[in-house]
Amino acid sequence: MDDISDFTSGSIFKKLTFFMFPILGALILQAMYGAVDVMMVGWFGTTEGLSGVSTGSSIINLVTFVLTGLAMGITVIIGRCLGQKDEERIGAVIGASIAFFALIGVMMVVFARPVSVLMQAPAEALDETVNYVRICGSGLLFIIAYNVISCIFRGLGNSRLPLIFVLIACVTNIIGDYVLIAVFNMDESGAALATVAAQAVSVILSLVILKKEKLPFKIRRGDIRLSGEIKGLLKVGTPVALQELLTQISFLALVAFINRIGLEASSGYGVANKIVSFVMLIPSSLMQSMSSFVAQNVGAKREDRAKKAMLTGMSIGIVIGVVVFYLTFFHGDLVSAVFSRDGRVIERSFEYLRGFALEAIVTSILFSFIGYYNGHQETLFVMIQGLMQTLLVRLPVSYVMSAGPDPSLTMIGLAAPLATMFGIVMNLAYFFYFQKRRLSLTLQ
């Protein structure tokens with residue numbers, strides 16, 4: 001492990017920021033990557049194909065988000081093993097993960113139709129939805145393999161190569177979409193095939209690079225099986241995956257609440273939500289970076305650096321968050337105009353963003369806490385606090401604010417930062433309890 005990827009010594013600020021920004025770049029490219037299929041089918045395909053891609057991509061994205069949460073366990077376990085100088089275990093962990101994710105890919109192909117029906121895909125676009133899910137499901141191993149390989153490198157302290165991998169996939173997907181949809185008129189099938197092909201190219205190239213890297217571990221053929229290492233992966237990753245699942249479900253519920261207000265509110269929220277997805281990239285990259293950074297230092301018994309990394313991450317997030325807050329709160333209408341020319345839709349989008357804007361600051365604090373706990377494998381608490389935020393604050397406040405005689409999108413948008421501030425209080429209280437528990441275990 002080189003000096004750059006060794007988080008147990010040196011400048012915390014320098015190493016954390018150098019590690020974080022490639023992750024941020026990868027997340028931005030992934031956000032753009034997800035929009036390309038819909039854009040291409042919308043321009044060159046059919047209405048049924050567009051519906052199939054929209055519903056099918058929602059299914060695939062939901063599965064991918066959940067599996068990415070599970071894959072967080074890989075990052076944390078690898079970081080812990082490196083800190084403990086236990087490189088022998090890493091190959092077994094990765095091999096078990098490959099076998100587990102391959103099994104889920106097979107299940108997606110088998111259950112594509114029932115899942116599409118459950119998601120209430122329109123009857124006239126059901127076959128297109130099933131087709132998209134089956135093709136992407138058959139290539140889910142490539143999609144997950146990218147995430148697993150990225151987790152390997154992030155666990156090793158290298159976030160630059162995953163950025164290169166997703167850049168290659170993004171460019172390949174755009175070219176593939178145009179050729180298969182615009183030239184060969186393959187509609188939703190072309191979009192799905194381009195997605196799988198792009199991920200396959202990225203995975204193959206990353207495997208070539210992975211093979212040439214001087215890695216501190218080896219993956220043997222016998223490691224690729226459903227072994228006992230799955231238990232450790234699920235223990236760390238399942239709470240994160242469940243939190244991601246609950247978050248996605250809460251967003252679907254929020255859409256339903258706002259849809260009741262009317263078409264302009266629904267369209268305005270749709271535009272605002274595109275902006276929100278980019279606002280949340282900073283805290284998300286911060287959390288992923290923090291998980292790896294803290295895991296290494298915990299493995300090396302450098303708890304002092306783990307705490308300093310958390311505080312450093314909060315400082316970085318707050319500074320960037322203040323800038324994002326200013327742009328969102330005072331100039332959200334200009335940002336919204338990028339996505340719509342309808343003045344009323346822009347106005348409604350800006351209305352929601354004014355309530356949401358504070359989230360740009362407070363989420364960085366919350367996600368730094370979460371990254372710290374992920375690095376300590378305290379993911380059960382992470383899931384519990386996420387669940388309480390959603391059920392006790394975000395959804396109730398959103399529902400109440402949308403149910404009045406003159407509902408305000410600003411007040412509905414405010415539900416997000418209120419829930420986050422509630423989460424910060426919970427995390428702060430747990431931090432003092434966690435430190436006291438660690439101290440008592442040390443003295444025993």
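The structure under discussion appears in the preceding block.
Residues numbered from 1 in each chain as written. Predicted model: local features only at pLDDT ≥ 70, side-chain atom pairs only at ≥ 80, totals over all residues. Heavy atoms only, no water.

(A) Highlighting the overall build of the protein chain. Of the regular secondary structure elements, the protein chain holds 17 helices and 0 strands. Relative to a compact globule of 444 residues, whose C-alpha radius of gyration would be 22 Å, the protein chain shows 22 Å and is just as compact. Each principal axis of the C-alpha atoms in the protein chain carries an extent, and together these give about 60 × 45 × 35 Å. When the 444 residues of the protein chain are sorted by exposure, 55% land in the buried category. Look at the contacts in the protein chain between residues 6 or more apart in sequence, and 82% of them connect residues 24 or more apart. When the accessible surface of the protein chain is summed, it comes to about 19800 Å², and 68% of that surface belongs to carbon and sulfur atoms. Looking at the protein chain, you have 33 positive and 28 negative side-chain charges, and the mean spots of the two groups are 12 Å apart. (Helix = DSSP H or I, 4+ residues; strand = E, 2+ residues; numbered from the N terminus. Rg over C-alpha atoms; globule rule 2.2 N^0.38 Å. Buried < 20%, exposed > 50% of the residue type's maximum accessible area, 1.4 Å probe, protein only. Contact = heavy atoms within 4.5 Å. Areas by Shrake-Rupley, 256 points an atom, 1.4 Å probe, with all protein chains shown as cover. Lys, Arg positive; Asp, Glu negative; His and termini not counted. Charge placed at Lys NZ, Arg CZ, Asp CG, Glu CD.)

(B) Main features of the nonpolar core. Among the nonpolar cores identified, the biggest contains 53 residues, and Ile258, Met310, Tyr352, Phe356, Phe369, Tyr372 and Tyr373 are the most heavily contacted of them. Of all the elements, helix H14 (residues 359-375) adds the most residues to this core, at 9 residues. In this structure Tyr373 touches Glu378, Thr379, Phe381, Val382, Asn427, Tyr430, Phe431 and Phe434, once residues within four positions along its chain are discounted. Val41, Cys81, Leu126 and Leu140 belong to the second-largest nonpolar core, a separate cluster that totals 47 residues. (Core = buried A, V, L, I, M, F, W, Y, C linked by side-chain atoms within 4.5 Å.)

(C) Molecular detail of the environment of Asn273. Relative to the assigned elements, Asn273 resides in helix H10 (residues 263-279). We classify Asn273 as partly exposed; its relative accessible area is 33%. In sequence terms Asn273 and Ser336 are 63 residues apart; their C-alpha atoms lie 9.9 Å from each other.

(D) Region of the structure containing the packing of helix H3 (residues 88-110) against helix H5 (residues 126-138). Interaxial distance between H3 and H5 falls to 8 Å at its minimum, and their mutual angle equals 160°. Between H3 and H5, the interaxial angle falls into the category roughly antiparallel. Handedness of the H3/H5 crossing: left-handed. Seen from H3, the contacting residues are Gly105, Met108 and Val109; seen from H5, they are Val133, Arg134, Gly137 and Ser138. In terms of residue class, the contact of H3 with H5 is made up of 3 nonpolar, 3 polar and 1 charged. (Axes fitted to C-alpha atoms, helices over the stretch in contact; angles between N-to-C directions. Parallel < 35°, antiparallel > 145°, perpendicular 65-115°, else oblique. Left-handed = near helix turned anticlockwise from the far one by under 90°. Nonpolar A, V, L, I, M, F, W, Y, C, P; charged D, E, K, R; others polar.)

(E) Seen up close, the packing of aromatic side chains. Considering all chains together, one arrives at 17 aromatic pairs under this definition. Seen from their ring centres, Tyr372 and Tyr373 are 5.6 Å apart, and the 70° between their planes marks the pair as edge-to-face. You'll find Tyr372 and Tyr373 in the same group, each marked buried. The positively charged end of Arg354 is found above the aromatic ring belonging to Phe350, 4.4 Å away from the centroid. (Phe/Tyr/Trp six-rings, centres within 6.5 Å; stacked < 30°, edge-to-face > 60°. Lys NZ or Arg CZ within 6 Å of the ring centre and 35° of its normal.)

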